[in-house]
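Okay, here's what each chain looks like letter by letter:
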Amino acid sequence: MKTRAALLLAASALAFGDVDIWLRRAATDAEMERLLHSVSDPASAEFGAFPPRAALAEATGAPSSAVAAVSEYLRTVEGVPGRSIVASPMNDFITVRGRDALREAMPPSVKALVALVHEEEKAGTAKSATSRGHRRSRLRVGEAAAASPFGAPDVRQAWGVPAGAVGAGEAQLVWGPGSYDVNVAEVQKYWQHFGVNGSTARLLFEGYAHGNQTAGDNYGEASLDADIITGMAPGATTTVSNTNNTSPPEEGPGFGYAQLAFLRQLAAQDTLPGVVSLSLGSLTWRSCDMLCRRAVESGVSNYTACLEFVQYDQRQVCMFQNDEVIQLANQQFMLLGSRGVTVLAAAGDGGMHFSFEAFSVATELGRKLNGIACSLAMPTFPASSPHVTAVGGTQWTGQGTKDAPVYWNGGGSGFSWESAMPSYQAAVVKAYLESAKSDPEFPEADAFNASLRAYPDISALAGDVGMVYQGSLVTSGGTSAATPTMAGFVTLLNEQRVAAKKKRFGFMNIALYQMAAQHADEMFFDVVVGNSKCTSSSCLACTKGFPATKGFDLATGWGAPRWEGMVKYLVNELP
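Keep in mind the model is a prediction, meaning the values are calculated, not measured.

How each quantity is defined
Sequence positions are assigned chain by chain, starting from 1 and proceeding in written order. At least 70 in pLDDT is required for a residue's local features to be given in this predicted model, at least 80 for side-chain atom pairs to be given and counted, and no such filter applies to totals for whole chains, interfaces and linings, which use all residues. Side-chain metrics rest on all non-hydrogen atoms present in the structure, leaving aside hydrogens and water. The pairing test for Phe, Tyr and Trp rings, Trp by its six-membered ring, is centres within 6.5 Å, and the orientation test on the planes gives stacked under 30 degrees, edge-to-face over 60, and tilted for anything in between. Each helix corresponds to a stretch of at least 4 residues labelled H or I by DSSP, and each strand to a stretch of at least 2 residues labelled E; elements are numbered beginning at the N terminus. Geometrically, a lysine NZ or arginine CZ counts as sitting over a ring once it is within 6 Å of the ring centre and also within 35 degrees of the ring normal. Per-residue confidence from the predictor is reported as pLDDT, a score between 0 and 100. Whether two residues are in contact is decided by their heavy atoms: any pair within 4.5 Å suffices. Expected span of a helix: the number of residues minus one, times 1.5 Å. Throughout, exposure labels follow a simple rule: accessible area from a 1.4 Å probe, protein chains only, divided by the maximum for the residue type, with under 20% read as buried, over 50% as exposed, and the rest as partly exposed. Note on disulfides: each one is a pair of cysteine sulfur atoms within 2.5 Å. Axes, fitted as lines to C-alpha atoms, cover a helix only where it is in contact. Angles between the N-to-C directions of the axes lie from 0 to 180 degrees. Between 65 and 115 degrees an angle is taken as roughly perpendicular, under 35 as roughly parallel, over 145 as roughly antiparallel, and anywhere else as oblique. A clockwise turn of the near helix away from the far one marks a right-handed crossing, whereas an anticlockwise turn of less than a right angle marks a left-handed crossing. Throughout, the ten residues Ala, Val, Leu, Ile, Met, Phe, Trp, Tyr, Cys and Pro are labelled nonpolar, Asp, Glu, Lys and Arg are labelled charged, and all others, Gly among them, are labelled polar. Between any two strands, pairing holds if DSSP finds at least two bridges. Note that the arc is computed from the directions linking the helix axis to the C-beta atoms.

A.B. asks: What is the right way to read the packing of aromatic side chains from this model?
C.D. replies: Geometrically, a pair of aromatic rings is defined through the distance of the ring centres and the angle of the planes. Counted according to the given criterion, the structure contains 25 aromatic pairs. Relative to phenylalanine 262, the ring of tryptophan 175 lies with its centre 4.8 Å away and its plane at 15°, an arrangement referred to as stacked. Placement of the pair is tryptophan 175 in strand 6 (residues 171-175) and phenylalanine 262 in helix 9 (residues 254-267), with a sequence separation of 87 residues. Considering the side-chain rings of phenylalanine 448 and phenylalanine 546, the 5.3 Å spacing of their centres and the 65° angle between planes classify their relative orientation as edge-to-face. Note that phenylalanine 448 is positioned in the loop between helix 14 (426-436) and strand 16 (452-455) and phenylalanine 546 in the loop between strand 20 (524-525) and strand 21 (560-561), a separation of 98 residues in sequence. Arginine 497 extends its terminal NZ or CZ atom over the ring of phenylalanine 505, reaching a point 5.3 Å from the ring centre.

Written as structure tokens, this is what we have:
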């Protein structure tokens, strides 16, 4: 066991009292996307030619003159010593360390260079769902493993992964804020129970994660992530990262800023993992804004009270405070993909309509919001980003088997309200909508925008998944389990590509969709049973959702992977 403090850039580590200033980029989002696609499209001459950090910073960051101008202004602000002003090597943000606010108004000439200013709330003053009587943890943990839950080795066997594929030489990372950390002894207990040849020498910790956690909601999330991703790729180096251990980012809108700080910190590192797994997320800002605006129109609430309810009274439901946070996160996802990192994100556990579960029905507002949500697609982020691989859920129990998995009730599904439909998925989404619209449970046409990003892209086991939690083997699940499963699988594929003297995937969706369009039967276990109208615990009055169908669908994407076909087309035949 080691502490990988070296991978945290001292220049960009976010602490309470810091002020983050995001600079306006020289490159537009469209230009950044073209760069990402040029290195991610197998048909491109630049496929796999990931630019070095300095070249990417020069091509996409703010002009050096803008960095200098903002830095020079900050040196004139009272109480800001020059040594506390730290610019990112990516030329996209400046951190003022040791300040809780910049009380002086920026002059217009400086303000024009700035995209966003985030001032960290001091400990003890930030609103938190913890103090507001929030609902139970998002993590799905049974009281005990009454039946035999499935472990990562069961998934490896079902998908046809050979024993020799272990991810040797690869690096993978899981992240979360708040209490996100594991207990090393419990990870070892998972390895022992499921026969995983893991090693604490390959289990690293970053930031506020130290491997000695025993309580907290995100501790459970981290435990699930670490158990599964190390079980899938036991030969890889796995880092558990927590870059903000304060309470607000664990449950409320502080999460969006914490995730954004992590992403820009990661994208600025010199050395990067090949795969990043993100199990945590929530409804997008536009989803939450739409819910509250419609609630106000119905006369049930005022807008401010509604936002208070969805952001603080409902845990991990609305954790992004505005569109700017999501836009900036999307830029960081493009940077990471352009540098050769594959980012996978959980699609959510609330089906088409919720992030996790329905709103509390104890209040009139909660009941009204449930009705509104049931009439709309309510996308989650970061899964609805077109620059990540969104992971949905399958199950092997009930109607499902290992050879014929079915949709896991609750797997996130739908369309973004923010991001345009990426070209790589346009054809298959159009074909799906044409074939599935006759289903009597298919959503109404005004419930979603079919011209925007659709998700999930792919799915993995989300039902009856085993983990070790507070010393005991328990049954868990959700797309929080599916995502590290798929992340570990991608690590194994990267191992095969490197062995074949090829580049790691980086942003893999373009190659994935191109190959799957021709070879889906060989590459995936197709999922044809299920509908995304329900959460994992109930349907309430929601009667419409996206059905699983033959081929690509908006319940499970392409389905669950088959090792032999994935290696054939994404390793052997892909440049």
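A.B. asks: So what exactly am I meant to see when it comes to the confidence of the model for the protein here?
C.D. replies: Note: predicted coordinates in regions of low pLDDT should not be interpreted at a detailed level. Chain-level pLDDT for the protein is 91 on average; 91% of the residues reach the 70-or-more range. Throughout residues 1-16 the model reports pLDDT below 50, and contacts reaching past four residues in sequence, or to other chains, amount to 53 contacts. Across residues 128-137 the pLDDT falls below 50, and counting only partners more than four positions away or on other chains, this stretch makes 28 contacts in the model.

A.B. asks: Sorry if this is basic, but what is going on with helix 9 here?
C.D. replies: The α-helix advances 3.6 residues per turn, and as a result positions three or four apart in sequence lie on the same side. For helix 9, which comprises 14 residues, the first-to-last C-alpha distance of 20 Å matches the rise-based estimate of 20 Å (1.5 Å per residue) to within 8%. In terms of burial, helix 9 is a largely internal element, 13 of the 14 residues being buried.

A.B. asks: What should I look at first to understand the state of the cysteines in this one?
C.D. replies: A covalent bond between the sulfur atoms of two cysteines is what we call a disulfide. Throughout the structure, instances matching the rule amount to four disulfides. Residue pairing for cysteine 292: its cysteine sulfur links by disulfide to cysteine 306, the two sulfurs lying 2.2 Å apart. Sign of the S-S torsion, about -80° for the bond between cysteine 292 and cysteine 306, identifies this disulfide as left-handed. Residue cysteine 292 is found in helix 10 (residues 285-297), and its partner cysteine 306 is found in helix 11 (residues 303-313); the two are separated by 14 residues along the sequence. For the pair cysteine 292 and cysteine 306, a shared accessibility class is recorded, and that class is buried. A sulfur-sulfur distance of 1.6 Å marks the disulfide that ties cysteine 534 to cysteine 539. Negative torsions about the S-S bond denote left-handed disulfides, and the value of about 70° found for cysteine 534 with cysteine 539 makes this one right-handed. Its relative accessible area of 27% is what places cysteine 539 among the partly exposed residues. Described in terms of the sequence order of its bonded cysteines, the disulfide pattern of the protein is 1-4, 2-3, 5-8, 6-7.

A.B. asks: Which parts of the structure should I look at to understand the environment of alanine 482?
C.D. replies: Within the secondary structure, alanine 482 is located in helix 15 (residues 479-499). A relative accessible area of 0% places alanine 482 in the buried class. For the pair alanine 482 and serine 459, spaced 23 residues apart in sequence, the C-alpha to C-alpha distance is 6.9 Å. Not counting residues within four places of it along the chain, the set of residues in contact with alanine 482 comprises Val391, Gly392, Ala460, Leu461 and Ala462.

A.B. asks: Is there a simple way to think about the packing of helix 5 (residues 152-159) against helix 7 (residues 217-232) in this case?
C.D. replies: Each packed pair of helices is defined by two parameters, the angle between the axes and the distance between the axes. It is at 8 Å that the axes of helix 5 and helix 7 come closest, and there the two elements cross at 40°. As judged from the angle between their axes, helix 5 and helix 7 are oblique. For the pair helix 5 and helix 7, the sense of crossing is right-handed. Here Ala152, Val155, Arg156 and Trp159 of helix 5 come into contact with helix 7, specifically with Ile228, Gly231 and Met232. Tallied by class, residues from the contact of helix 5 with helix 7 come to five nonpolar, one polar and one charged.

A.B. asks: Mind showing me how you'd approach the environment of valine 429 here?
C.D. replies: Among the secondary structure elements, valine 429 is positioned in helix 14. Assessed through its relative accessible area of 1%, valine 429 is described here as buried. Separated by 27 residues in the primary sequence, valine 429 and proline 456 have C-alpha atoms spaced 11 Å apart. Leaving out residues up to four positions away in the same chain, valine 429 has contacts with Phe415, Met421, Ala454 and Phe552.

A.B. asks: For this particular structure, what's the right way to read the sheet that holds strand 5 (residues 114-119)?
C.D. replies: Hydrogen bonds between backbone groups are what pair the strands of a sheet, and the pairing can be parallel or antiparallel. In spatial order, the strands read 3-4-2-5; together these four strands make up an open sheet with antiparallel pairing. At either end of the open sheet lies a strand with only one pairing partner, and these are strand 3 (85-87) and strand 5. Strand-to-strand, the axes of this sheet are offset by a mean angle of 15°, without reference to chain direction. Alignment of strand 2 (residues 19-23) against strand 4 (residues 93-96), held across four bridges, turns out to be antiparallel. Across the sheet, tryptophan 22 pairs through a bridge with phenylalanine 93, a residue of strand 4. Its contacts with the sheet put helix 9 on strand 2, strand 4 and strand 5, and the angle it makes with strand 2 is roughly 65°.

A.B. asks: I would appreciate a short explanation of helix 3 (residues 64-75) in the present structure.
C.D. replies: Here helix 3 is twelve residues long and its end C-alpha atoms lie 17 Å apart, about the 16 Å a rise of 1.5 Å per residue gives. When we look at burial in helix 3, the residues that qualify are Ala66, Val67, Val70, Ser71, Tyr73 and Leu74. The buried residues of helix 3 occupy an angular sector of 160° when projected down its axis, which confines them to one face. Set apart from the buried face of helix 3 by more than 90 degrees, the exposed residues are Ser64 and Ser65. Against the buried residues of helix 3 lie strand 2, strand 3, strand 4, helix 4 (108-111) and strand 5.

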